[in-house]
Amino acid sequence: MMAELDFDFSGIETFQQNLERMSDPAQLAGVMSSVVKRMGAVYLREAKKKTPVGPRSIQMLVGNDSKGNPKYETHYFDTQNMRRSWFMDKPFFHDGNSRNRLTLSVKVFNTSTYSSYVDDGHRQKIGQFLPFIGAEWQSGKVQGGRLKQSWVEGLNITLHAKNVVESNANNIMNSGFNAWLRSMLQND
């Protein structure tokens, strides 16, 4: 008794071609860039969420009218400037910390002039009068006030965003690389 066995090796050839495509440096750079963009997007989202937004208008006491009643002026200002000023550049390669390795990075930054003061904290002059601070934020009416502290703590927006990215880095990388592997190894 004799049996004839046929083997179809076309799947192995396709697999070998897919492996060759995966070893292409341009493919690897593309997936690395995609993963770094995802990490940058998480950082950007967290930074925007943590950025404070205040009231859109306030009424300031400017004196009394002819009958002795308090007279208020409404001042409108844009409080979302810092939140809208977060941006992310394209990923770029540079020399890393270790020998003969390249590092892929993405720069996330805020262009508002006061963002570092909000993030890191700042000094202020005790006793200085500011017409737009006061206790009645709910009604929108403020009468001004004097500064009482010499130091205002920062909100550590960038530190918070960095910690979120670091705690989720493995998941972000794994999902990015797994999606890339699935797309490369599927039999078309």
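Our structure is the block above this text.
Not measured: the values here are computed from a predicted model. (Residues numbered from 1 in each chain as written. Predicted model: local features only at pLDDT ≥ 70, side-chain atom pairs only at ≥ 80, totals over all residues. Heavy atoms only, no water.)

Novice: Sorry if this is basic, but what is going on with the overall build of the protein here?
Specialist: The helix and strand inventory of the protein stands at 5 helices and 11 strands. When the 188 residues of the protein are sorted by exposure, 24% land in the buried category. Counting contacts in the protein only where the partners sit at least 6 residues apart, residues at least 24 apart contribute 58% of the total. As presented, the protein carries roughly 13,800 Å² of accessible surface, and 52% of it is formed by carbon and sulfur atoms. (Helix = DSSP H or I, 4+ residues; strand = E, 2+ residues; numbered from the N terminus. Buried < 20%, exposed > 50% of the residue type's maximum accessible area, 1.4 Å probe, protein only. Contact = heavy atoms within 4.5 Å. Areas by Shrake-Rupley, 256 points an atom, 1.4 Å probe, with all protein chains shown as cover.)

Novice: When you look at the pattern of salt bridges in this model, what are you seeing that I'm missing?
Specialist: When the charged atoms of two side chains with opposite charge come close together, those side chains can pair. For the structure on display, the rule yields 3 salt bridges. Its salt-bridge partner being lysine 49, residue glutamate 46 comes within 3.3 Å of it at the nearest N-O pair. Highlighted residues: glutamate 46 and lysine 49, both in helix H2 (residues 25-50), separated by 3 residues, approximately one helical turn. By relative accessible area, glutamate 46 is classed as buried at 7%. Sharing partners across several salt bridges, the network here consists of Arg45, Glu46 and Lys49. (Salt bridge = Lys/Arg side-chain N within 4 Å of Asp/Glu carboxyl O.)

Novice: How do you make sense of the side chain of serine 112 when you look at a structure like this?
Specialist: By the element assignment, serine 112 lies in the loop between strand S6 (108-110) and helix H4 (115-120). Once residues within four sequence positions are removed from consideration, serine 112 is found in contact with Asn81, Met82 and Ser85.

Novice: I keep staring at the pairing of strand S1 (residues 57-64) and nothing clicks. Help me out?
Specialist: For a regular strand, side chains alternate in direction, first toward one face of the sheet and then toward the other. Bridge count between S1 and strand S2 (residues 70-76): 7 bridges; the pairing is antiparallel. Looking at the pairing, asparagine 64 lines up with proline 70 of S2. The antiparallel pairing of S1 with S2 creates a hairpin that spans 5 residues between the two strands, and glycine 68 there sits at a positive phi of about 90°. (Pairing = 2+ DSSP bridges.)

Novice: I would appreciate a short explanation of unusual backbone geometry in the present structure.
Specialist: In terms of backbone geometry, most residues other than glycine have negative phi values and most peptide bonds are trans. At asparagine 156, a position not held by glycine, the phi torsion is positive, near 55°. Turning to its location among the elements, asparagine 156 is positioned in the loop between strand S11 (151-153) and helix H5 (157-185). On the accessibility criterion, asparagine 156 (40% relative accessible area) is partly exposed.

Novice: Would you mind going over the environment of asparagine 69 with me for this structure?
Specialist: As for its placement among the helices and strands, asparagine 69 is situated in the loop between S1 and S2. Contacts of asparagine 69, omitting those with residues within four sequence positions, involve Gly63 and Asn64.

Novice: Would you explain the side chain of serine 33 in this entry?
Specialist: Tracing the backbone through its elements, the reader meets serine 33 in helix H2. If sequence neighbours within four positions are ignored, serine 33 has contacts with Pro91 and Leu104.

Structural measurements only, silent on function.
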